[in-house]
Amino acid sequence: MELGLRGRVAVVTAASRGLGRATADALAAEGAHLVIAARGEEALAAATAQLREAGAEVVPVVADVTDPDVPGELVQAALEHFGRLDVVVANAGGPPPGRALEVDDERLRAALEANLLASVRLVRHAVPPMTEAGWGRICCVTSYTIVQPAPTLALSNTARTALWAWAKTAAQDLARSGSGITLNLACPGPHATDRMRELGATAGTPMGDPGDFGRIVTFLCSEPAAFVNGAALVIDGGSTLAL
Ligand code: NAD
């Protein structure tokens, strides 16, 4: 299948490891060029070198996506270096575990910064140049917790359902205005990444392959996915018990 991504330009955040990195790899394999962001300089440099080996032009930006200035800077980096922006994959590290009645304001605010506001800000900055070009694909990486809240992940449940409500609303506006932009959510269940290891995944839990996750996000960001908009695709091997 031709995905129509050759020569297109993508911003991918939290892209040095895990699902963000796998998505950057999959986009590069389709011929896209990249602006990638993450906090750790060393891991970002390693990802940059490997993506360049795969043939992508890559602009690495050491950045924390919770800094309100960063989303605008990433969009600017794409426009300045490549003269265009076609795809945004908004990703960030997940919040720590915690039960609903135990999480305090400070931890809630931090989760909302990383898993709601950082994505909202990136979308807000990406939409004007994409609208001008008449084409754009935006995918926010969230979690299966938007359809099945996990009892010990209250911060994730809260921030991600807020993002889902915001994105669903924004996707309607993007469709009605004839912008040519789609906005979707990719919602992973357990995948074999550092995050999963940190959360102490139980032995024997079926895990998705991050590479497959990256290719699914890449499809959502492709030409043929033009009519997929305002969708939240749960990628969990069937483990979520929500209709
Ligand atoms: P990970 O911890 O393996 O990797 C996270 C990446 O994000 C790293 O590159 C890290 O440097 C970067 N990062 C973290 N916070 C950042 C910030 N503030 N600014 C810039 N970069 C930042 O995580 P993952 O497994 O790849 O998960 C990606 C997202 O998907 C997370 O939000 C996670 O909670 C969610 N998720 C993952 C799973 C899973 O099974 N892996 C399941 C459900 C949801």
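Everything quoted here is computed from the prediction, not taken from an experiment. (Residues numbered from 1 in each chain as written. Predicted model: local features only at pLDDT ≥ 70, side-chain atom pairs only at ≥ 80, totals over all residues. Heavy atoms only, no water.)

Draft legend 1. Fine view of empty space enclosed by the protein. Evaluated as defined, the whole model comprises two cavities of 30 Å³ or more. Of the pockets and cavities examined, the largest cavity occupies roughly 50 Å³. Lining the largest cavity, in full, are Thr13, Val65, Val70, Pro71, Leu74, Ala90, Asn91, Ala118, Ser119 and Leu122. Among the secondary structure elements, those contributing two or more residues to the lining of the largest cavity are α3 (70-82) and α4 (105-133). Looking at the lining of the largest cavity residue by residue, the classes come out as seven nonpolar, three polar and no charged. Every residue along the wall of the second largest cavity is listed here: Ala90, Asn91, Ala92, Ala114, Asn115, Ser119, Val141, Arg160 and Leu163. For the lining of the second largest cavity, the elements supplying multiple residues, two or more each, are α4 and α5 (154-176). The biggest single contributor to the lining of the second largest cavity is α4, with three residues. (1 Å grid on protein atoms, 1.4 Å probe; cavity = no way out; pocket = protein on both sides within 12 Å on 5 of 7 lines; lining within 4 Å. Points joined across faces, edges and corners; volume = space filled by probe spheres on them. Helix = DSSP H or I, 4+ residues; strand = E, 2+ residues; numbered from the N terminus. Nonpolar A, V, L, I, M, F, W, Y, C, P; charged D, E, K, R; others polar.)

Draft legend 2. Representation of the site of the ligand within the structure. Surveying the vicinity of the ligand reveals 27 residues, the closest of which are Leu19, Ala92, Arg160, His191 and Thr193. With respect to the ligand, the side chain of arginine 160 contributes an N or O atom lying 2.7 Å from an oxygen atom. Here an oxygen atom of the ligand sits 2.7 Å away from a polar atom, N or O, in the main chain of histidine 191. Elements with a minimum of two residues in the shell around the ligand: α1 (18-29) and α6 (194-198). Here the shell around the ligand takes three residues from α6, the largest share from any one element. When the residues that make up the shell around the ligand are grouped by side-chain class, the tally is ten nonpolar, eleven polar and six charged. (Near = heavy atom within 4 Å. Polar contact = N/O pair within 3.5 Å; in protein donor to acceptor, adjacent residues only side chain to side chain.)

Draft legend 3. The pairing of strand β1 (residues 9-13), seen in detail. Among the five residues of β1, five are classified as buried, and the element is accordingly described as predominantly covered. Both β1 and strand β2 (residues 33-38) contribute to a ladder of five bridges, which runs parallel. Bridge pairing links threonine 13 to alanine 37 in β2. As for the winding sense of the linkage, the β-α-β connection from β1 through α1 to β2 is right-handed. The sheet contact formed by β1 and strand β4 (residues 87-90) spans three bridges and is parallel. Of the residues in β4, the one forming a bridge with alanine 10 is valine 87. (Buried < 20%, exposed > 50% of the residue type's maximum accessible area, 1.4 Å probe, protein only. Pairing = 2+ DSSP bridges. Right-handed = clockwise from strand over helix to strand, strands pointing away.)

Draft legend 4. Broad picture of unusual backbone geometry. Phi is positive for alanine 14, close to 50 degrees, though the residue is something other than glycine. Within the secondary structure layout, alanine 14 lies in the loop between β1 and α1.

Draft legend 5. View of the side chain of arginine 8. Considering the arrangement of structural elements, one finds arginine 8 in the segment before β1. Side-chain polar atoms of arginine 8 contact the backbone oxygen of glycine 4, separated by 2.9 Å. Here glutamate 223 takes part through its side chain, which lies 2.8 Å from a polar atom of the side chain of arginine 8. Excluding residues that lie within four positions of it along the chain, arginine 8 makes contacts with Gly31, Ala32, His33, Arg84, Asp86, Trp135 and Glu223. (Contact = heavy atoms within 4.5 Å.)

Draft legend 6. Representation of the side chain of asparagine 115 within the structure. Within the fold, asparagine 115 resides in helix α4. A residue is classified by how much of its surface remains accessible, and asparagine 115, at 5% relative accessible area, is buried. Separated by 3.2 Å, the side chain of asparagine 115 and the backbone oxygen of glycine 93 make a polar contact. When neighbours within four sequence positions are excluded, asparagine 115 is seen to be in contact with Ala92, Gly93, Gly94, Pro95, Ala159, Arg160 and Leu163.

Draft legend 7. Geometry of the packing of aromatic side chains. With the rule as written, the count across this model stands at zero aromatic pairs. Above the ring of tryptophan 135, the side-chain terminus of arginine 8 is found at 3.6 Å from the ring centroid. (Phe/Tyr/Trp six-rings, centres within 6.5 Å; stacked < 30°, edge-to-face > 60°. Lys NZ or Arg CZ within 6 Å of the ring centre and 35° of its normal.)

Draft legend 8. Summary view of the environment of aspartate 64. By the secondary structure assignment, aspartate 64 is in the loop between β3 (58-62) and α3. Here the alpha-carbon distance between aspartate 64 and threonine 13, two residues 51 residues apart in the chain, equals 9.1 Å. Those residues within four positions of aspartate 64 in sequence are excluded, and the remaining contacts are Arg39 and Val70. Within the structure, the side chain of aspartate 64 is placed 2.6 Å from the side chain of threonine 66, a separation counted as a polar contact.

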